[in-house]
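Chain by chain, the residues run as shown.
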Amino acid sequence: MHSMNTVVLVKGVPDFREGKVSFKEDNTLNRGATPTVLNPNDRLALAAALELKVKHGGSVRLVSMGPPNYKTILREAMEVCGDEAYLLSDRMMGGADTLATAETIAAGIRKIGLPDLVIAGFKSADGETGQTGPQTAWVLDFPIITHVVSLEVDEKARLVRARRTAGDDIEEIEAPLPCFIVTDPGFTAVFRSATNRLRLLRLGEETVARASKIDSVFKMWGVADLGVDPKKIGLKGSPTIVNKVEPIPVAAKERTAQVVDAKDAGQLDEVARRIVQLVRG
Amino acid sequence: MAEKFEAVVVGAGPAGLAAAYELARNGTQVLVLERGKFPGAKNVTGGILYGQSNSPFNLDYLFPDFEKKAPLERDIKSYVMHNIAGDKVKSMDITRLHDHKTSYAWSVLRVPFDKWFGERVHREAEKHGGGILTNVRAKAPLEDGNRIVGVVTDELDPIKADVVIAADGATSDLVRTAGLRGWGPEEHWFQGVKVVARMPRTLLEQRFNVSGREGSGHLFAGDLFGGCRGGGFLYTNKDTLSVGTVFHLDSITAKKTEPHKYLDRLIKHPFFTNLTGGHYDEAEYSAKLIPDGKKNALRFPYRDNLLAVGDAAGQMKAAGPIIKGMNLGITAGILAAQAFLTAKRQRRLHHMGPLYGSYLANSYVGSELFGKRLLRWLAGWRLPNKMLEGFVTRPRFIRSKFGQKRIQRMVSSYRLASIAPDNDFVYVGLPTAVGRAIGDRVESELPAAKTRPIDDRIAALTYDTDIGREHIVVRDASVAASGLAVMTCPVSSPDSSRGCYRLEKARDASGRESRRVVLDTQPCVECGTCAIVAATDWNTPRGGKGVQYQLG
Amino acid sequence: MSVASTWTPKGNYRDMWVYCEQNHGKFVTCSLEMLGEARRLMDKYNVDYKADEKVVAVVFGHKVDGLVQEAFEHGADVVYACDHPALENFILEPQTKLLAAAARGKDHYKSYDEPRYFLFPATNNGRDISATAMAALESGLASDCNVLYISDEPIKHPVKTRRNEVIEEIVYPRILHMKRPDFSGFEWSTILCIDDPDKDFHPQSCSVIPGSFKPLERAAGRKGVRVNVAFNLGEKDQRVKIVKRERLPIEVDLTKREVIVAIGRGIGSNPTQGIKLGVELAQALGADVGISRGVVTAKYPVDASVQQYTKEIRQIGETGQMVKPKVYIALGISGAIQHKKGMDKSKTIITVNSEPSAPIKEFSDVYIHGDLFEVVPKLKEAIQRALGGKNGGKV
Ligand SMILES: Cc1cc2nc3c(=O)[nH]c(=O)nc-3n(C[C@H](O)[C@H](O)[C@H](O)COP(=O)(O)OP(=O)(O)OC[C@H]3O[C@@H](n4cnc5c(N)ncnc54)[C@H](O)[C@@H]3O)c2cc1C
Ligand SMILES: Cc1cc2nc3c(=O)[nH]c(=O)nc-3n(C[C@H](O)[C@H](O)[C@H](O)COP(=O)(O)OP(=O)(O)OC[C@H]3O[C@@H](n4cnc5c(N)ncnc54)[C@H](O)[C@@H]3O)c2cc1C
Ligand SMILES: Cc1cc2nc3c(=O)[nH]c(=O)nc-3n(C[C@H](O)[C@H](O)[C@H](O)COP(=O)(O)OP(=O)(O)OC[C@H]3O[C@@H](n4cnc5c(N)ncnc54)[C@H](O)[C@@H]3O)c2cc1C
Ligand code: SF4
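Source: prediction; values computed, not measured. (Residues numbered from 1 in each chain as written. Chains lettered and ligands numbered in written order. Predicted model: local features only at pLDDT ≥ 70, side-chain atom pairs only at ≥ 80, totals over all residues. Heavy atoms only, no water.)

**Observations regarding the overall build of chain B**
Consideration 1: For chain B, the helix and strand inventory stands at 24 helices and 26 strands.
Consideration 2: A compact globule built from 552 residues would reach a C-alpha radius of gyration of about 24 Å, and chain B, at 23 Å, matches this within 12%.
Consideration 3: For chain B, the C-alpha atoms occupy an extent of roughly 70 × 70 × 50 Å along the three principal directions.
Consideration 4: Across the 552 residues of chain B, 63% fall into the buried class.
Consideration 5: Taking contacts inside chain B between residues at least 6 apart in sequence as the whole, the part at least 24 apart equals 75%.
Consideration 6: Of the charged side chains in chain B, 76 are positive and 59 negative, and the gap between their average positions amounts to 6 Å. (Helix = DSSP H or I, 4+ residues; strand = E, 2+ residues; numbered from the N terminus. Rg over C-alpha atoms; globule rule 2.2 N^0.38 Å. Buried < 20%, exposed > 50% of the residue type's maximum accessible area, 1.4 Å probe, protein only. Contact = heavy atoms within 4.5 Å. Lys, Arg positive; Asp, Glu negative; His and termini not counted. Charge placed at Lys NZ, Arg CZ, Asp CG, Glu CD.)

Next comes the structure, spelled out in structure tokens:
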């Protein structure tokens, strides 16, 4: 029987949690002093892959494009789920916008061999465009389902059934394998069977163990390995540039209440004017 | 379609884990279902895990190396009762009571302890296709016709099993839904309220005069609890103290008191201040119902292939200030497992219930819970009690060397403690009389401890709120039916609007003013009290939801 | 210093296109907001560059005639419409293919190669199609923008302006500056979509955060050019199928509100009246009403008319909704930590409370000391005065 092959796309992002993130004097992000961690939304993509692996077996391969130190990101991801990890890394890939990123990732996936499913997270915590998933699907010419909150695979019919949020609606979607999935931040894996939950625990432990010895299942590929058109990747393949970065002024909030006596009509009028100004401004 | 496991154990407390381990190491495929996020997440105890010298079936039966491996706090070697009357205190060493048939007495914190125990069980169970699943709440037995054939949960498809072990603690959902018992009256329960306070290890060892792995236990009784039947305890852990109070629930309701206030009174007492050197750093507040085994234990803790163990079956023994629940639970768990294994070997699965019953009856668990009935009955007679009371509490008697010796022997006797009636004299009268007659006046130059108001205690707890689902529903909001909960719920207070229960006064559309009892389930610590003292439909929250302790 | 040279693209690009998303036969609000902004941008553009370029709306759906007219009336000069039952519900792949075909094709209106600019709503569907459409058109886009302007921009870039190993400064004309708040709001980056020596990157595109711009006043009867896009897709373009679509249970969404009036247990002595006062104050400000957990659990015996304001779906706080409006007005709320967590990111917090020691005072900007039953009506009147109108003054 054919067993499911899944690729999960993961990215490293600055750790924005309080105590970790560091800012420059002008209040912009100090990337150098801020540690890089797995993009939180990618955990949901990994959870989806893990769910399918528990229910259908098969293998899960992780793909990331980024600098060589992203190996730690792949390792972090593998602690959630993953059999093999692929890092697409090359100076020439640097500075990519989402289109160039999609081209690079698609080339990596093709080199691995087209899987049954590719799963990406919703937005990354830094670029926050949410464009990479859909664009990669487009480059691969995979049917795509975005904003997926739950997922099922029918191996026999080679179909994906997913529930996705669509505004105020919830949709049930069907698409053929191979297929591209973008998980919604509201994604939840559903396990109703005790056997599957036990399997989930076991696979969880196995993958943590594998992550601690990631070297044996890790590959790093550059532009030459991928055989991708250099014009389509990196700065060169990127239509957009970031022209300027400015801090958005934030008022440091230490509030001291102005105390108003309700009996004083003049004071109340002043408050009312302030409210109206705020509402209109 | 139901999945099938050979054995399902509901509840990863000491009783359930002991049963599961015994099953697993004998090759049974066992699935443990625990509603907490991990074993221990929901659990509180006062402190002491006893080993019984009169039984082989203690924790060391399962883990001969547990004293090296388990996260134990201290082996409690001394046990002192402090009799308090106002600011006078008389301390009496009652280590003899504590040592009765005791092979060890480790203070434990349940979060680390249950986690460790759970880990060991999971490893063993995995070998035979089982394991522990957390975040799963069992709702009821799965019935086929009239027979119990498995369990139904909130989170999973129904599960079938050859044996279901209900080890889901004092508030057991399974025992109730299986029809083995209801909540019963207040008289069947104690309520325990507890704090864990941090104390630097060196300071602790110096203050309590303990060292190495050894520790001490301190008990408090007398007049500082407003006449409630029960008392206070302090057990030393490695670098924390477990401090709490345990009262008969009916005496709390009768006195309409707030349990946490009595705990605070203990902590603020100058004697306590001196004992702790004025150091008080509260880490966690918790509470739980404790079954009073004398009245609450199930005579026949089984139905079909469902066996109840531990608090779920009321297997909890209070002997004076000694509380033995964990060790009884562990023993019962082992015996239930053995009953199943034997019945399976004999291919007479339907026999496992009665077999378990007879194992229990022949063990110390049975005698602790059901023994000495006649003596107990005799000891409960009013007249001799009154006479004894009149005699013993005479100051002259107490002051005499002879009297002191008698009293010391009396309160150190496990036998007496086991048959003593639950009356005011035992809990309040005698200790107060002793304190008053021969206690030393204590003052403290140190300021009394700053205890936390209930709102802060709630705010310091961790919750994963089951948004949109109330696990407790007030059936009758009248003050008469449910008003007691405002006082007795350990996370409610008439002084606070932030607890679970409060009184709402409001005018309705017609202008009529009404007073109603309302409930916010979010601050609930799932102690079970309001299941008994108020008109409620009481359930445990869904798997993973509700309060989550860090220490326990 | 030599004078910077000016870039000339190889292709022919015109107009600002706007993808007008609809849902159940109605435009999402952002569609009209974008049309308004496109109109303003292109009116200025046409003056600045002495040009005559248009605002082009894209309307895909089933039975869209009404929508097409609505687009004209909200500022579109041209509408590319595709009307087909298969487009009733949004599906990414067919929509992308139709859109790319329209943007690339030639027709009775369009003779240029591709749109100059393209705006999409930064909604779930809008962001998706912005990405796939630009992948299909091989151009670039910025996501989640809330400030846009067009001007010439001198650029030095290691790839785009490198000529013979020298990085020159080149002036790119008519560049759409797309500003987006990054990292959920503490940095602002300006994204540009720039051609390079080997390849043009047009359309310059972005997705637009709903609520960033104001729609135009509707001009009834305004007319424009309609171009019908042929629905010529086959099975292989429609691999994804919607099997079922259901409404989620109606929810009260306070998280996007700019003004919130929140009611607490201070209303206890007369809950029906207290809620009414709060609701009236909210109406005067165009605000919505939130409540504390205290009100949810109190189960007050209130009038049916205000019952909806006592339900958990309106709860603000740690276990309710996390809000950060411009103005948060708290009536009779004590300020428990769990409540605070859900509202203290509000820009300005104004509280009414009769108890000077209420913790909420510590994190209020204005603390009005008094009985809410007396204060709120007065405050409402004062607000109506400040709004200018006599009684009916609205924001
Ligand atoms: C303040 C206090 C002081 C005490 N002092 C002592 C002492 O010093 N020594 C002593 O031996 N005993 C003491 N006890 C008693 C002792 O803690 C209990 O008797 C003991 O914990 C009982 O163990 P158990 O395994 O039966 O139940 P628990 O320890 O209560 O375990 C039950 C488990 O079942 C889980 N569960 C419950 N319902 C469900 C469900 N529906 N589905 C799935 N899982 C569920 C719970 O989360 C929990 O993990 C004290 C108790 C208190 C409250
Ligand atoms: C502040 C800032 C603003 C930016 N603005 C823009 C912009 O407006 N337009 C633009 O085109 N680019 C922009 N970029 C560049 C963009 O971040 C990169 O192209 C990046 O490689 C992917 O985009 P993203 O971070 O938005 O990821 P998203 O598209 O938000 O990520 C979604 C998912 O795609 C997958 N994924 C994304 N990146 C990778 C990767 N490198 N490897 C593997 N999987 C991945 C992950 O599964 C991820 O969860 C910006 C970058 C920064 C730092
Ligand atoms: C795990 C957990 C999660 C929780 N989550 C939330 C949450 O998400 N949101 C939330 O709100 N709460 C939450 N709570 C509950 C919270 O602790 C408080 O109980 C609740 O916020 C109190 O609501 P309140 O301020 O309306 O009531 P109260 O605390 O009773 O305050 C009423 C206030 O009204 C004032 N007042 C009385 N009469 C008048 C009058 N006539 N005029 C003016 N002022 C008057 C009083 O001075 C007082 O300050 C949670 C609690 C827990 C334990
Ligand atoms: S609400 Fe009931 S179960 Fe919860 S803590 Fe209070 S008394 Fe205990």
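**Description of the interface of chain C and chain B**
Consideration 1: Taken together, the 22 residues of chain C in the interface contact 22 residues of chain B.
Consideration 2: Regarding the contact of chain C and chain B, the summed buried area is about 1,600 Å², with carbon and sulfur atoms giving 41% of it.
Consideration 3: Where chain C meets chain B, there are three salt bridges.
Consideration 4: Salt-bridge contacts for arginine 293 of chain C lead to aspartate 520 of chain B; the nearest nitrogen and oxygen are separated by 2.8 Å.
Consideration 5: Remark: the boundary between chain C and chain B carries nine residue pairs in polar contact (both at pLDDT 80 or more).
Consideration 6: If you list the elements that add at least two residues to the side of chain C that touches chain B, you get helix H6 (293–298) and helix H7 (337–340) of chain C.
Consideration 7: By residue number, the principal contributor to the side of chain C that touches chain B is H6 of chain C, which donates four residues. (Buried area = accessible area lost by both parts, 1.4 Å probe. Salt bridge = Lys/Arg side-chain N within 4 Å of Asp/Glu carboxyl O. Polar contact = N/O pair within 3.5 Å; in protein donor to acceptor, adjacent residues only side chain to side chain.)

**Some thoughts on the domain arrangement of chain B**
Residues and elements named next belong to chain B.
Consideration 1: Looking at chain B, the domain boundaries give domain 1 (3–73 + 108–181 + 298–370), domain 2 (74–102 + 185–291 + 374–460) and domain 3 (468–541).
Consideration 2: Centre-to-centre, using C-alpha coordinates, domain 1 lies 30 Å away from domain 2.
Consideration 3: Each side of the interface is counted separately: domain 1 has 32 residues, and domain 2 has 33 residues.
Consideration 4: The junction of domain 1 with domain 2 conceals about 2,700 Å² of combined surface from both sides, 58% of it contributed by carbon and sulfur atoms. (Domains from an automatic or database assignment.)

**As for the packing of aromatic side chains**
Residues and elements named next belong to chain C.
Consideration 1: Inspection of every chain in the model, using the stated rule, returns 28 aromatic pairs over all chains.
Consideration 2: With a centroid separation of 6.1 Å and an interplanar angle of 90°, the aromatic rings of tyrosine 45 and tyrosine 117 are classed as edge-to-face. In this pair, tyrosine 45 sits in helix H1 (residues 29–48) while tyrosine 117 sits in strand S7 (residues 114–121), placing the two residues 72 residues apart along the sequence. Each member of the pair tyrosine 45 and tyrosine 117 is classed as buried.
Consideration 3: Connected via pairs of aromatic rings, a cluster forms that spans Trp17, Tyr19, Phe60, Tyr80, Phe118 and Phe120. (Phe/Tyr/Trp six-rings, centres within 6.5 Å; stacked < 30°, edge-to-face > 60°.)

**Quick notes on the site of ligand 2**
Consideration 1: The environment of ligand 2 is formed by 33 residues, the closest being Lys11, Asp42, Ser124, Thr129 and Thr132 of chain A.
Consideration 2: Chains contributing residues near ligand 2 are chains A and C.
Consideration 3: Taking lysine 11 of chain A, its side chain carries an N or O atom lying 2.6 Å from an oxygen atom of ligand 2.
Consideration 4: Between an oxygen atom of ligand 2 and a main-chain N or O atom of glycine 127 of chain A, the distance comes to 3.4 Å.
Consideration 5: When isolated, ligand 2 has an accessible area of 910 Å², and the protein chains bury 93% of it.
Consideration 6: At the level of elements, strand S4 (59–65) and helix H3 (98–112) of chain A together with strand S8 (141–145) and strand S12 (169–182) of chain C are the ones that each hand at least two residues to the shell around ligand 2. (Near = heavy atom within 4 Å. Areas by Shrake-Rupley, 256 points an atom, 1.4 Å probe, with all protein chains shown as cover.)

**Some points on the interface of chain A and chain C**
Consideration 1: If you look at the interface, chain A gives 74 residues, while chain C gives 88 residues.
Consideration 2: Between chain A and chain C, the buried area comes to about 7,100 Å², and carbon and sulfur atoms account for 57% of it.
Consideration 3: Summed over the three residues of chain A that lose the most area to chain C, namely Trp138, Ile241 and Arg255 of chain A, the buried surface amounts to 11% of that side.
Consideration 4: Linking chain A with chain C are eleven salt bridges, by the criterion used here.

**Focus: the nonpolar core**
Consideration 1: By size, the foremost hydrophobic cluster in this structure holds 62 residues, and its most contacted members are Phe208, Phe220, Leu234, Val243, Ile267, Tyr501 and Val525 of chain B.
Consideration 2: Ignoring any residue separated from it by four or fewer positions in sequence, one finds tyrosine 501 of chain B in contact with Ile472, Val474, Ala485, Val486, Cys489, Ser492, Val517, Val518, Leu519, Cys530 and Thr536 of chain B. (Core = buried A, V, L, I, M, F, W, Y, C linked by side-chain atoms within 4.5 Å.)

**As for the environment of aspartate 60 of chain B**
Residues and elements named next belong to chain B.
Consideration 1: Residue placement: aspartate 60 occurs in helix H2 (residues 59–62).
Consideration 2: Take aspartate 60: its relative accessible area is 34%, and that puts it in the partly exposed class.
Consideration 3: Excluding its chain neighbours within four sequence positions, the residues that come into contact with aspartate 60 are Phe66 and Tyr104.
Consideration 4: Among the polar contacts made by the side chain of aspartate 60, one reaches the side chain of tyrosine 104 at a distance of 3.4 Å.

**Quick notes on a positive patch on the surface**
Residue and element names in this part refer to chain B.
Consideration 1: Side chains of Arg96, Lys401, Lys405, Arg406 and Arg409 sit close together on the surface and give a patch of like positive charge.
Consideration 2: By residue number, the principal contributor to the positive patch is helix H18 (residues 401–411), which donates four residues.
Consideration 3: Inspection of the secondary structure assignment puts lysine 405 in helix H18.
Consideration 4: What makes lysine 405 exposed here is its relative accessible area of 60%. (Patch = residues over 30% accessible without salt bridge, like charges linked within 9 Å, V, L, I, M, F, W, Y side chains within 5 Å.)

**Some words on the pairing of S8 of chain C**
Residue and element names in this part refer to chain C.
Consideration 1: Buried residues dominate S8, accounting for five of its five residues.
Consideration 2: In this sheet, strand S14 (residues 204–208) lies alongside S8 in parallel orientation, the contact comprising three bridges. By the bridge assignment, alanine 142 is partnered in S14 with cysteine 206. (Pairing = 2+ DSSP bridges.)

**Brief notes about the environment of isoleucine 150 of chain C**
All names here are of chain C.
Consideration 1: Mapped onto the fold, isoleucine 150 is located in strand S9 (residues 147–156).
Consideration 2: Counting along the chain gives 44 residues from isoleucine 150 to lysine 106, while the straight-line C-alpha distance between them is 26 Å.
Consideration 3: Each residue touching isoleucine 150, except ones within four places of it in the same chain, is listed here: Met16, Leu41, Met42, Tyr45, Tyr49, Tyr117, Arg174, Ile175 and Leu176.

**Some thoughts on H3 of chain A**
All names here are of chain A.
Consideration 1: Under the 1.5 Å per step criterion, the end-to-end length of H3 is 21 Å for 15 residues, consistent within 8% with the ideal 21 Å.
Consideration 2: The buried count for H3 comes to 13 of 15 residues, which makes it a mostly enclosed element.
Consideration 3: If you check the start of H3, you find a side-chain oxygen 3.1 Å away from the backbone N of leucine 99, and it comes from aspartate 97.
Consideration 4: Following H3 by one or two positions, glycine 113 adopts a phi angle in the positive range, close to 115°. (Expected span 1.5 Å × (residues − 1).)

**Considerations on the sheet that holds strand S5 (residues 55–61) of chain C**
To summarise the sheet geometry, strands pair through backbone hydrogen bonds and adopt either a parallel or an antiparallel arrangement.
Residue and element names in this part refer to chain C.
Consideration 1: If you walk across this open sheet you meet the seven strands as S8-S14-S7-S2-S5-S6-S15, and the pairing is parallel. Single-partner strands in this sheet number two, and they are S8 and strand S15 (225–228). Averaged over neighbouring strand pairs, the angle between their axes works out to 25° when direction is ignored.
Consideration 2: Pairing geometry for S7 and S14, over five bridges, is parallel. The partner of proline 121 across the bridge, within S14, is valine 208.
Consideration 3: Along the sheet, helix H2 (residues 65–73) makes contact with S5, strand S6 (78–83) and S15, crossing S6 at roughly 165°.
Consideration 4: Across the sheet, helix H4 (residues 124–137) is in contact with strand S2 (13–19), S7, S8 and S14; its angle to S7 comes to roughly 160°. (Axes fitted to C-alpha atoms, helices over the stretch in contact; angles between N-to-C directions.)

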